[in-house]
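The lines below spell out each chain.
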Amino acid sequence: MKALYKKIYEDFKEKIESNKLKVGENIPSESQLQMKYKCSRDTVRKATSLLEQNNYIEKSRGRQATVKLRNKYTFPTSKIESFKELNIRNGLKAKTKVVFLEYGYKEENDFSSHFDNCVKVVRLRSMDGEKNVLDIDYLDGDLIPGLTKKICENSIYEFIETKLGVEIGYAKKIVTVEKPTSLDMEILGVDEDDLLVNIESYTFTKDGKLFQSTISKHRHSKFRFEAYATR
């Protein structure tokens, strides 16, 4: 059975996302919520803390919480764009932290098995103090030597194109919406009932050589995903 604080959270999340509660509007006080849901103050506080954590409301001492303006950034699925380029285009002021970097990485999965000398890079992207994107990259270490933490926190694509002279050609992308894993919850700080938009991509050089396979996990509340189609 779902915990009551999660039901309260989902009730208000639905009202905010459907615009039944608009930006700047007050949400009911703690005592009003206690009466409505017949619950304790602790339950109410857990629900409102989760709403605040996921950028739905803004709380301040001595005042009722209000619905917060939640920017959604456009993430193109029909073109190849580095996170640094996305950051500049949208004015995100995002920060990148390398969680893991290793050459010669061995793992039994479809991503790493493409490369004899696999480099695994795990990067966490944060915006406005909130953890929003988890990128897990597997790269061809023979084609892309010399990756460092500093390079990965700046731009792997910029390093590949300007320093190594490798031309990036095209990518195949698969978009799914999934529940977070225990690792996602630990690193991104999401709740088990949240959803993540996962973009699985395989990126090739201009001459058709696969050099990168990636799973990129996004908080669904922060991004909108855009593609272009022609007839």
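Up top is the structure these notes are about.
Residues numbered from 1 in each chain as written. Predicted model: local features only at pLDDT ≥ 70, side-chain atom pairs only at ≥ 80, totals over all residues. Heavy atoms only, no water.

Engineer: If you had to explain the overall build of the protein to someone new, which residues and values would you point to?
Structural biologist: Within the protein, the regular secondary structure consists of seven helices and 10 strands. Seen through its principal axes, the protein has C-alpha atoms that stretch 65 × 40 × 35 Å. A burial count over the protein gives 46% of its 231 residues as buried. For the protein, restricting intrachain contacts to residue pairs at least 6 apart in sequence, the fraction spanning at least 24 positions comes to 59%. Per element, the accessible surface of the protein, about 13000 Å² overall, is 49% carbon and sulfur. Each charge sign in the protein was given a centre, from 42 positive and 36 negative side chains, and these centres are 7 Å apart. (Helix = DSSP H or I, 4+ residues; strand = E, 2+ residues; numbered from the N terminus. Buried < 20%, exposed > 50% of the residue type's maximum accessible area, 1.4 Å probe, protein only. Contact = heavy atoms within 4.5 Å. Areas by Shrake-Rupley, 256 points an atom, 1.4 Å probe, with all protein chains shown as cover. Lys, Arg positive; Asp, Glu negative; His and termini not counted. Charge placed at Lys NZ, Arg CZ, Asp CG, Glu CD.)

Engineer: Requested: an account of the packing of helix H2 (residues 30-37) against helix H3 (residues 41-53), with residues and values cited.
Structural biologist: At their nearest, the axes of H2 and H3 sit 9 Å apart, and the two run at 110° to each other. Overall, the two elements H2 and H3 adopt an arrangement that is roughly perpendicular. Residues Glu30, Leu33 and Gln34 of H2 form the contact with H3, whose participating residues are Arg41, Val44, Arg45 and Thr48. Partitioned by chemical class, the residues of the contact of H2 with H3 number two nonpolar, two polar and three charged. (Axes fitted to C-alpha atoms, helices over the stretch in contact; angles between N-to-C directions. Parallel < 35°, antiparallel > 145°, perpendicular 65-115°, else oblique. Nonpolar A, V, L, I, M, F, W, Y, C, P; charged D, E, K, R; others polar.)

Engineer: How would you explain helix H4 (residues 83-90) if you had to name every residue and give the values?
Structural biologist: Within the span of H4, buried status applies to Phe83, Leu86 and Asn87. Projection of H4 onto a plane perpendicular to its axis shows the buried side chains occupying an angular sector of 100°, all on one side. Of the surrounding secondary structure, the elements contacted by the buried residues of H4 are strand E3 (73-76), strand E4 (95-103), strand E5 (118-127), strand E6 (130-140) and strand E10 (223-226). Positive backbone phi, at 60°, marks glycine 91, one or two positions downstream of H4. (Arc of directions from axis to C-beta.)

Engineer: Can you explain the layout of surface pockets? Please cite residues and give values.
Structural biologist: There is about 220 Å³ of room inside the largest pocket. Every residue along the wall of the largest pocket is listed here: Ile27, Pro28, Ser29, Glu30, Leu33, Arg45, Thr48, Lys59, Ser60, Arg63, Gln64 and Ala65. Those elements giving two or more residues to the lining of the largest pocket turn out to be H2, H3, strand E1 (57-60) and strand E2 (63-67). Among the elements that take part in the lining of the largest pocket, E2 stands out by supplying three residues, more than any other. Across the lining of the largest pocket, the residue classes tally to four nonpolar, four polar and four charged. (1 Å grid on protein atoms, 1.4 Å probe; cavity = no way out; pocket = protein on both sides within 12 Å on 5 of 7 lines; lining within 4 Å. Points joined across faces, edges and corners; volume = space filled by probe spheres on them.)

Engineer: Could you give an account of the side chain of glutamate 130, with specific residues and numbers?
Structural biologist: Within the secondary structure, glutamate 130 is located in strand E6. Once you skip the residues sitting within four places of it in the chain, glutamate 130 turns out to touch Gln53, Asn54, Asn55, Arg125, Arg219 and Lys222.

Engineer: With reference to specific residues and values, describe the nonpolar core.
Structural biologist: Phe12, Ile27 and Ile57 are the most contacted members of the largest nonpolar core, which has 18 residues in total. Within the residue set of this core, elements represented by two or more residues are helix H1 (4-17), H2, H3 and E2. Contact partners of isoleucine 27, with chain neighbours within four places excluded, come to Phe12, Leu21, Thr48, Ile57, Gln64, Ala65 and Val67. (Core = buried A, V, L, I, M, F, W, Y, C linked by side-chain atoms within 4.5 Å.)

None of this, on its own, says anything about what the molecule does.
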